[in-house]
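Understanding the architecture of this molecule
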Amino acid sequence: MNRYRPRTFVLELLMVAAGVLFLFPVYALVTLSLKDPAQTAKSPLALPKPPTLDNYTQAWSSASLGGALLSSTLITVVSLVLLIVIGSCAAYWVARTGTRLGYGLYILFLLGIVLPFQLGMIPLYNLFSRLDLIGGYQSIILFYTGIQLPFTVFLYTGFIRALPQEYAAAALVDGASHLQAYTRIVFPLLRPITGTVLILNAVFIWNDFFTPLLYLAGSDKETVPVRIFAFVGQYVSDYGLVFAGLVLGAIPILVVFLVLQRYVIKGFASGLKG
Amino acid sequence: MSKKRSRLGPPWLFVAPALLVYAAIVIYPSVAGVVYAFTDWTGIGDWSFVGLRNFDTLLHDDQSLGALKNTLLLTVAIVVVQNGIGLLLALGVHARIKSRMVLRAVFFAPVVVSPVMIAFLWKYVYNPAPDAGLNGLLGAVGLGSLRQDWLGDPSLALWSVAAMVVWQNAGYSMVIFLAGLEGIGKDVREAATIDGAGPVARFRYVTWPLLAPATTINVMLSTIGGLKLFDQVFAATGGGPGYATETLSTVLYKQAFVFGRYGYSTAVALVLALFVAAVSLVQIRYLRAREDNA
């Protein structure tokens, strides 16, 4: 079954062809970002010759991406820490209690995966503006923590249910408090699923466009997608410049993905069991 | 039971922080949204309850009805095509081909890029100029007669948006199917092979039934994603040309933030929520039953 047969070779060719076709938009993105406007106009699909990095330097400064990267990073990191700490704790209790209350809470959290955020969008915006939190980081970090908790609790619960229970019990017998048993014994065991929670939530939070547009547009705390949106609006006809901006905006999250890639499939596998 | 509970410690210690944030950010605003849906609130000043008037308006508003139809068509197209392609890709990169790790990364990469940025990239792919983007590619391979104004033609625009969403998210479906495939023991398929099953029979009678949990999650997630679709449409077409790509999400955005009709907008959001809930419930019932039979 593991041998590389002629049939495998045919499949390999087919899949590589699919991959090449699939990459066509990426080819257009990268090549246009390396061309000056004259080249783009003359031969849009040809390889850039000579390639130029002018678009990148100009996009970096005119989109003010430096500040946006800082904002995006701060919002994403703080939200992730909150999600992982409070989400894993809640999932631990929900997965292990075996009571009706635990099941009820699980269903309550799952409801959040189904509810469209749009239903509460206006009341929440209203609440934040009454508390004078619009335009600051607190509102958007709280928003992401709340809105991604259901998915986080779902992933953690599935994983914890498949975990052996004896270690934490042994620690309690040895005189550890519940919180100590959790932080020293249980949480380290959750590392694989924490990797999955990290990458999937990071992707959502880093890329989200609508909420930061609503909460932060016009402030000095705009995130990368909001900056890029404004930037594209400004230079809409200059594809080379616009695409250089898109590449710069996408690189950080692509790097994070490549580093944490292996957790994606593993995480889903444990979720499917749960 | 009580022994288990004492081992776990008090529930409020572990659950209270999450529950508090969840209640403040999801539950309270959603309940308030349901209330607003029955008012004539404009965001400022007084408001009063107007009963079902917002829903009555929705039923007689061609733009909203068109958006409802578009949303359902988009969702069906995305669910079927995205998961179909995702399954084929998963089977391909699960096989022992040499390029499987590279191809996995290639197909998944668009998933991690912001939908707004993907929409801007595809605005170029759908460039109406004959020598640029997709039209240029068609011309280069001798299929010039298939050139279209992909986003400008009202009868085509919705499907162009669907194709863009499928391109971005097929990798997501692939990864979930792949996780399912890795969960199927090798021995099961080897046993089927020894029993004389060819690849097609093996897929039909062994792999596909055992992929039931992965299928459930994929269908659910893509349905919910399709019904809520906003960023891609907002950035690629803004709902146009005309109202050809308007979805429930873009309508409720415009009603709220362009026209200040907050009450009506939340009524549209409530309809969206009821759709998502109803479809999810039906799917859970049907798909779970299928899982149990597997």
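Residues numbered from 1 in each chain as written. Chains lettered and ligands numbered in written order. Predicted model: local features only at pLDDT ≥ 70, side-chain atom pairs only at ≥ 80, totals over all residues. Heavy atoms only, no water.

1. Here's the deal with the overall build of chain A
Secondary structure summary: chain A contains 15 helices and zero strands in total. Dimensions of chain A, computed from C-alpha atoms along their principal axes, come out at roughly 75 × 65 × 35 Å. Per-residue burial for chain A yields a buried fraction of 53% across its 274 residues. Taking as baseline every contact in chain A between residues at least 6 positions apart, the subset at least 24 positions apart corresponds to 71%. Taken as a whole, chain A presents about 12200 Å² of accessible surface, with 68% of it coming from carbon and sulfur. Across chain A, 17 positive and 10 negative side-chain charges occur, with their mean positions spaced 14 Å apart. (Helix = DSSP H or I, 4+ residues; strand = E, 2+ residues; numbered from the N terminus. Buried < 20%, exposed > 50% of the residue type's maximum accessible area, 1.4 Å probe, protein only. Contact = heavy atoms within 4.5 Å. Areas by Shrake-Rupley, 256 points an atom, 1.4 Å probe, with all protein chains shown as cover. Lys, Arg positive; Asp, Glu negative; His and termini not counted. Charge placed at Lys NZ, Arg CZ, Asp CG, Glu CD.)

2. So, the UniProt feature "domain: ABC transmembrane type-1" (unreviewed entry) in chain B
Sites flagged by UniProt as "domain: ABC transmembrane type-1" (unreviewed entry) map to residues 68-283 of chain B. The straight-line gap between the two end C-alpha atoms of residues 68-283 of chain B is 20 Å; of that span, 73% is helix and 0% is strand. (UniProt positions renumbered as here; feature names shortened; annotations may be inferred.)

3. Some thoughts on a nonpolar patch on the surface
Taken together, the side chains of Val31, Val35, Trp47 and Phe49 of chain B present a nonpolar region at the surface, about 390 Å² in accessible area. Mapped onto the fold, Phe49 of chain B is located in the loop between α2 (11-36) and α3 (53-59). (Patch = residues over 30% accessible without salt bridge, like charges linked within 9 Å, V, L, I, M, F, W, Y side chains within 5 Å. Salt bridge = Lys/Arg side-chain N within 4 Å of Asp/Glu carboxyl O.)

4. So, the packing of aromatic side chains
What the rule picks out here adds up to 40 aromatic pairs over all chains. Between the aromatic rings of Phe210 of chain A and Phe230 of chain B, the centroid separation amounts to 4.8 Å while the plane-to-plane angle is 75°, which identifies the pairing as edge-to-face. Linking Phe210 of chain A in helix α12 (residues 210-216) with Phe230 of chain B in the loop between α11 (212-228) and α12 (231-236), this pair reaches from one chain into another. Take Phe230 of chain B: its relative accessible area is 6%, and that puts it in the buried class. On the numbers, 5.5 Å between centres and 85° between planes, the contact of Phe243 of chain A with Tyr124 of chain B is edge-to-face. You can see Phe243 of chain A sitting in helix α14 (residues 239-260) and its partner Tyr124 of chain B sitting in helix α6 (residues 115-125), one on each of two chains. For the residue pair Phe243 of chain A and Tyr124 of chain B, the accessibility class agrees, reading buried in each case. Cation over ring: Arg204 of chain B sits above Tyr205 of chain B, and NZ or CZ is 5.0 Å from the ring centre. Over the ring of Tyr264 of chain B we find Arg261 of chain B, and its NZ or CZ is 4.6 Å from the ring centre. (Phe/Tyr/Trp six-rings, centres within 6.5 Å; stacked < 30°, edge-to-face > 60°. Lys NZ or Arg CZ within 6 Å of the ring centre and 35° of its normal.)

5. Observations regarding the packing of helix α4 (residues 62-94) of chain B against helix α5 (residues 100-108) of chain B
Residue and element names in this part refer to chain B. In contact at an axis separation of 9 Å, α4 and α5 are set at 155° when each is read in the N-to-C sense. As judged from the angle between their axes, α4 and α5 are roughly antiparallel. The segment α4 lies against α5, with Leu89, Val93 and His94 engaging Arg100, Leu103, Arg104 and Phe107. (Axes fitted to C-alpha atoms, helices over the stretch in contact; angles between N-to-C directions. Parallel < 35°, antiparallel > 145°, perpendicular 65-115°, else oblique.)

6. Topic: the interface of chain A and chain B
Taken together, the 92 residues of chain A in the interface contact 101 residues of chain B. For the pair chain A and chain B, the summed buried surface comes to about 8400 Å²; carbon and sulfur atoms form 80% of the total. Scanning the region where chain A abuts chain B turns up 13 residue pairs in polar contact (both at pLDDT 80 or more). The element that contributes the greatest number of residues to the side of chain A that touches chain B is helix α7 (residues 117-130) of chain A, accounting for eleven residues. Counted by class, the side of chain A that touches chain B contains 71 nonpolar, 16 polar and five charged residues. (Buried area = accessible area lost by both parts, 1.4 Å probe. Polar contact = N/O pair within 3.5 Å; in protein donor to acceptor, adjacent residues only side chain to side chain. Nonpolar A, V, L, I, M, F, W, Y, C, P; charged D, E, K, R; others polar.)

7. Notes on the environment of Gly249 of chain A
Residues and elements named next belong to chain A. Along the polypeptide, Gly249 turns up in helix α14. Classification of Gly249 by relative accessible area gives buried; the value is 1%. Along the primary structure Gly249 and Leu189 are separated by 60 residues, whereas in three dimensions their C-alpha atoms are 34 Å apart.

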